[in-house]
Amino acid sequence: METSLPLEHKLLEEHDFGFAKFWFFPNFLVGEFAEGVHVTRENSLGPIEVLKRVYGTSTPFVYISNRKNSYSMDPMGYKDIVDMFPNLMGMAIVSDNKYRRMIATLEKMFIKKPIGVFHRLEDAYEWAGQQI
């Protein structure tokens, strides 16, 4: 990950699935999808299994989407994945691209969780801590 984390954040696991990389911390995870990927429920099964193992359905966590690249996703599949985790406390979207930040507004129609939009990962980490 480009940005170093404050020392109080302990990296539990790191996974590279080819189409995406994920970093798991005690109460949040950071995901970065590769350029041009179309994210579906089917190609998300690997990350979902790790999510289930790390957080289960009771450990509260926030998902931080570090949108460095351009990719697409199936919005209905996205909602299904979010619904699998009652312990998901919110989502943070990090991007320096105005268009990608605007997409977050559309995501709020599908996801009934708090969604924060940020320019910097550090701000998303702080927001995630406030959601737990």
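Quick note: structure is the one above.
From a predicted model like this one, the values you see are computed outputs, not experimental measurements.

Participant: Explain the overall build of the chain here, please?
Facilitator: The number of helices and strands found in the chain is 4 helices and 8 strands. Listing the helices and strands of the chain from first to last along the sequence gives β-β-β-β-α-β-β-α-β-α-β-α. In summary, the chain has a C-alpha radius of gyration of 13 Å against a globular reference of 14 Å for 132 residues, a match within 12%. Along the longest, intermediate and shortest principal axes, the C-alpha atoms of the chain span 35 × 30 × 30 Å. The proportion of buried residues among the 132 residues of the chain is 42%. Counting contacts in the chain only where the partners sit at least 6 residues apart, residues at least 24 apart contribute 70% of the total. As presented, the chain carries roughly 7,000 Å² of accessible surface, and 55% of it is formed by carbon and sulfur atoms.

Participant: What is the right way to read the environment of Lys112 from this model?
Facilitator: Here Lys112 shows up in the loop between helix H3 (98-110) and strand S8 (115-118). The exposure class assigned to Lys112 is exposed, which follows from its relative accessible area of 68%. Placed 28 residues apart in sequence, Lys112 and Met84 show a C-alpha to C-alpha distance of 13 Å.

Participant: Looking at this model, I keep getting lost on the packing of aromatic side chains. Mind explaining?
Facilitator: Given two aromatic rings, one states the distance between the centres and the angle between the planes to describe the pair. Going through the model one piece at a time under the given rule, you end up with 12 aromatic pairs. Ring centres of Phe17 and Phe22 lie 5.9 Å apart, and the angle between their planes is 70°; this geometry places the pair in the edge-to-face category. Residue class for Phe17 comes out partly exposed when judged on its relative accessible area of 28%. With a relative accessible area of 6%, Phe22 lands in the buried category. Pairing Phe24 with Tyr55 gives two aromatic rings, centres 6.1 Å apart and planes at 40°, and the pair type is tilted. Highlighted residues: Phe24 in strand S2 (residues 20-24) and Tyr55 in helix H1 (residues 45-55), separated in sequence by 31 residues. By the burial criterion, Phe24 is buried, and Tyr55 matches it.

Participant: Sorry, what's going on with the sheet that holds S8 here?
Facilitator: Think of a sheet as strands paired side by side through backbone hydrogen bonds, with each pair either parallel or antiparallel. Across the sheet, which stays open at both edges, the 6 strands sit in the order S1-S2-S3-S5-S7-S8 with mixed pairing between neighbours. Of all strands in the sheet, those bounded by a partner on one side alone are strand S1 (13-16) and S8. Along the sheet, successive strands turn relative to each other by an average axial angle of 15°, direction set aside. Contacting strand S3 (28-33), strand S5 (61-66), strand S7 (88-94) and S8, helix H4 (residues 121-131) crosses the sheet at an angle of about 165° to S5.

Participant: Could you clarify how one ought to interpret the nonpolar core in this entry?
Facilitator: Counting residues in hydrophobic clusters, the biggest one holds 26 residues, and the most contacted among them are Phe24, Leu29 and Phe33. Apart from the residues lying within four places of it in its own chain, the contact partners of Phe33 are Phe19, Ala20, Phe22, Val39, Tyr63, Asn69 and Tyr71. Judged by nonpolar contacts, the second largest core, of 14 residues, contains Phe28, Leu121, Trp127 and Ala128.

Participant: Would you explain the layout of surface pockets in this entry?
Facilitator: Over the atoms, a rolling probe the size of a water molecule traces out where space has been left empty. Considering only enclosed or pocket space, the largest pocket measures out at about 260 Å³ in volume. Around the largest pocket sit 14 residues that line it, and Arg67, Tyr71, Met73, Ile103 and Glu107 are the ones nearest its centre. Of all the elements in the fold, those that place two or more residues in the lining of the largest pocket are strand S6 (72-73), helix H2 (75-83) and H3. Of the residues forming the lining of the largest pocket, the biggest block, 6 residues, is contributed by H3. In terms of residue class, the lining of the largest pocket is made up of 8 nonpolar, 3 polar and 3 charged.

Basis of the calculations
Residues numbered from 1 in each chain as written. Predicted model: local features only at pLDDT ≥ 70, side-chain atom pairs only at ≥ 80, totals over all residues. Heavy atoms only, no water. Helix = DSSP H or I, 4+ residues; strand = E, 2+ residues; numbered from the N terminus. Rg over C-alpha atoms; globule rule 2.2 N^0.38 Å. Buried < 20%, exposed > 50% of the residue type's maximum accessible area, 1.4 Å probe, protein only. Contact = heavy atoms within 4.5 Å. Areas by Shrake-Rupley, 256 points an atom, 1.4 Å probe, with all protein chains shown as cover. Phe/Tyr/Trp six-rings, centres within 6.5 Å; stacked < 30°, edge-to-face > 60°. Pairing = 2+ DSSP bridges. Axes fitted to C-alpha atoms, helices over the stretch in contact; angles between N-to-C directions. Core = buried A, V, L, I, M, F, W, Y, C linked by side-chain atoms within 4.5 Å. 1 Å grid on protein atoms, 1.4 Å probe; cavity = no way out; pocket = protein on both sides within 12 Å on 5 of 7 lines; lining within 4 Å. Points joined across faces, edges and corners; volume = space filled by probe spheres on them. Nonpolar A, V, L, I, M, F, W, Y, C, P; charged D, E, K, R; others polar.

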